[in-house]
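Here is how the chains run, residue by residue.
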Amino acid sequence: MTFLKAIAIASAFVATSIIASNAYAETDLRQGFQTVKVNYSKHGVDLKKRTRFSAAPLAYQLFCLKNKGECRPGGASHAIYSASLVAKLEVVNQRVNRGMTFRSERKDTWSVNSKSGDCEDFVLTKRHRLLRMGIPAGALRIAAVRNSKGEGHAILVVKTDRGDFVLDNARPNIVKRNKTGYRLIAMSSANPMSWTRN
């Protein structure tokens, strides 16, 4: 099962706790998401863009049932940009990319610290190592994207006060998110069990 299909399956599990008053759920069958659109205008806030929430992909939810410590929210929603932070991101990206072997999976099972796996496994391993280095969980976001060929892919986005940086098993160096050439489909929020979609 592909990553984007897993997100589509997860649409049935949108938590009602994220539905604010005056919000309504809407299913977008083209993308396979259950979305929640929040109307803030009734609360005196004039927003042109409505926020769409979706549940985490089902495979990630199953991973979190077995690995609760890997899925806790917490800390700042942005890391403070510094030379030290960039060095940590570069080291983790390179070591995980070199230390794991890419393997396509027929059954979409997410795992951490494996010797091989697909893009989600690379993401979870990088996230795990950065958490151990003291990067706040709220700044580490899992993202579903499409590449220039339209193929689904997963990357780790690190939110900083100087923009979003991407750790990717498809490239050796970290880059700013707007330089990847990827189209963002969905991304975890500071709470990794709650995702927003484009």
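Residues numbered from 1 in each chain as written. Predicted model: local features only at pLDDT ≥ 70, side-chain atom pairs only at ≥ 80, totals over all residues. Heavy atoms only, no water.

K.L.:
Can you explain the nonpolar core? Please cite residues and give values.
P.N.:
By size, the foremost hydrophobic cluster in this structure holds 30 residues, and its most contacted members are Tyr60, Phe63, Leu89, Leu130 and Leu167. Elements with a contribution of two residues or more to this core: α2 (58-66), α3 (83-99), α4 (119-132), β6 (140-146), β7 (152-160) and β8 (163-167). No other element matches α4, which puts five residues into this core. Discounting residues that sit within four places of it in the chain, Leu167 has contacts with Leu89, Val92, Asn93, Lys126, Leu130, Ile155, Leu156, Val158 and Ile174. Judged by nonpolar contacts, the second largest core, of seven residues, contains Ala143, Val145, Ile155 and Leu184. (Core = buried A, V, L, I, M, F, W, Y, C linked by side-chain atoms within 4.5 Å. Buried < 20%, exposed > 50% of the residue type's maximum accessible area, 1.4 Å probe, protein only. Helix = DSSP H or I, 4+ residues; strand = E, 2+ residues; numbered from the N terminus. Contact = heavy atoms within 4.5 Å.)

K.L.:
Tell me about the confidence of the model for the chain, and name the residues and values.
P.N.:
Predicted confidence across the chain gives a mean pLDDT of 81, with 74% of residues reaching 70 or more. Counting interchain partners and residues more than four positions distant, the pLDDT-below-50 stretch residues 8-48 has 71 contacts. (pLDDT = per-residue confidence, 0-100.)

K.L.:
Tell me about the side chain of Asp108, residues and numbers included.
P.N.:
Tracing the backbone shows Asp108 in the loop between β4 (101-102) and β5 (116-117). For Asp108, the side chain forms a polar contact with the side chain of Trp110, separated by 3.2 Å. (Polar contact = N/O pair within 3.5 Å; in protein donor to acceptor, adjacent residues only side chain to side chain.)

K.L.:
How would you explain the pattern of salt bridges if you had to name every residue and give the values?
P.N.:
Two side chains of opposite charge can pair, provided their charged atoms sit close to one another. Scanning all chains against the criterion turns up three salt bridges. Notably, a salt bridge pairs Lys159 with Asp164, separated by 3.0 Å at the nearest N-O pair. The exposure class of Lys159 is buried, given its relative accessible area of 14%. Given the relative accessible area of 13%, Asp164 is considered buried. Arg177 is the salt-bridge partner of Asp164, the closest N and O atoms lying 3.1 Å from each other. Residue Asp164 is found in strand β8, and its partner Arg177 is found in the loop between β9 (175-176) and β10 (183-188); the two are separated by 13 residues along the sequence. Under the relative-accessibility criterion, Arg177 is labelled partly exposed at 28%. Where salt bridges share partners, they join Lys159, Asp164 and Arg177 into one cluster. (Salt bridge = Lys/Arg side-chain N within 4 Å of Asp/Glu carboxyl O.)

K.L.:
Run through the state of the cysteines, naming residues and quoting values.
P.N.:
Scanning the entire structure with this criterion turns up one disulfide. Two residues share a disulfide in this structure: Cys64 and Cys71, whose sulfurs sit 2.0 Å from each other. Between Cys64 and Cys71 the disulfide shows an S-S torsion of about -90°. By sign, it is left-handed. Classification of Cys64 by relative accessible area gives buried; the value is 7%. We classify Cys71 as buried; its relative accessible area is 7%. (Disulfide = S-S within 2.5 Å.)

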